[in-house]
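Take a look at the letters that make up each chain.
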Amino acid sequence: MAHEDALEFIRSNRRGVLATRRRDGGVQMSPVVAAVDAEHRVVISTREGAMKTLNLRRAPHATLCSFTDRFFGAWRTVEGTVEILSLPEALEPLVDYYRLTSGEHPDWEDYRLAMHRERRVLLRMTVERSGPTRTG
C-alpha cells in the first residue's frame, strides 16, 4: 500500500492537527486524536456541530499532521477525501474508534448514550497523499 508508512505512524502516534477549509478559503485547524480502521482509512471522532464537521460537509477534503508525544521529532501528513458518518450509522464505528484509541470501555452502554448526547460523528479519510517523502 502506497501510504502504509504514514498509516503505521498514525497507528503509533495518534495526536495530530486536522486542517479543513473555511467558507472564505482560509484554513481551520483542530487538535484531534486519529486512528486507522480496518479499511486503512484515518478515523477521527468529533461533534456534529464542530467547525471541522461543518467545513467538511461543504468541502470534504482535509489534511492531518500527526506527530509523536514529544512533538518535536518524527511526523507524517496524510490528506484525502473525508466521509462524515452521522448517528445512528456512526454508533458502532465510534465503538471501533474507541477501541483503537483507548481499548475497552468499562461501560459500553454508557459510552453509546454519551455518543448520542454529544451528537458525535465519525470522520473517515481515504488517504490520497502522504508524506514527507523526503527530508531536507
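Residues numbered from 1 in each chain as written. Predicted model: local features only at pLDDT ≥ 70, side-chain atom pairs only at ≥ 80, totals over all residues. Heavy atoms only, no water.

Please explain the side chain of Asn 55 as it appears in this structure.
Position of Asn 55 among the secondary structure elements: in helix α2 (residues 51-58). Non-local contacts of Asn 55, meaning those with residues more than four positions away in its chain, are made with Thr 20, Arg 21, Arg 22, Arg 23 and Gln 28. (Helix = DSSP H or I, 4+ residues; strand = E, 2+ residues; numbered from the N terminus. Contact = heavy atoms within 4.5 Å.)

Help me understand the pattern of salt bridges in this model?
Close approach of charged atoms allows side chains of opposite charge to pair. Using the criterion set out here, one finds 12 salt bridges in the structure. Across the pair Asp 69 and Arg 15 runs a salt bridge whose closest N-O atoms are separated by 3.1 Å. Of the two residues, Asp 69 sits in the loop between β4 (61-67) and β5 (75-85) while Arg 15 sits in strand β1 (residues 15-21), which places them 54 residues apart along the sequence. For Asp 69, a relative accessible area of 62% puts it in the exposed group. For Arg 15, a relative accessible area of 47% translates into the label partly exposed. Arg 41 is the salt-bridge partner of Glu 39, the closest N and O atoms lying 2.9 Å from each other. Classification of Glu 39 by relative accessible area gives exposed; the value is 51%. With relative accessibility at 17%, the residue Arg 41 sits in the buried group. (Salt bridge = Lys/Arg side-chain N within 4 Å of Asp/Glu carboxyl O. Buried < 20%, exposed > 50% of the residue type's maximum accessible area, 1.4 Å probe, protein only.)

Sorry if this is basic, but what is going on with unusual backbone geometry here?
Glycine aside, residues mostly have negative phi, and peptide bonds are mostly found in the trans state. Following Leu 87, the chain continues into Pro 88 via a peptide bond in cis, with omega recorded as 10°. Among the secondary structure elements, Pro 88 is positioned in the loop between β5 and α3 (91-102). Cis rather than trans, the peptide bond between Gly 131 and Pro 132 has omega equal to 5°. As for its placement among the helices and strands, Pro 132 is situated in the segment after β6 (120-131). Positive phi, normally seen in glycine, also occurs at His 40, with a value near 65°. Secondary-structure assignment places His 40 in the loop between β2 (27-36) and β3 (42-47). Residue His 40 is classed as partly exposed on the basis of its relative accessible area of 33%. Of note in this structure, Phe 71 is not a glycine but carries a positive phi near 75°. With respect to the helices and strands, the residue Phe 71 is situated in the loop between β4 and β5. Since its relative accessible area comes to 47%, Phe 71 is described here as partly exposed.

In this structure, what is going on with the environment of Gly 103? I would like to understand it.
By secondary structure assignment, the location of Gly 103 is in the loop between α3 and α4 (108-117). Residues Gly 103 and Met 29, 74 residues apart in the sequence, show an inter-C-alpha distance of 27 Å. Those residues within four positions of Gly 103 in sequence are excluded, and the remaining contacts are Tyr 98 and Trp 108.

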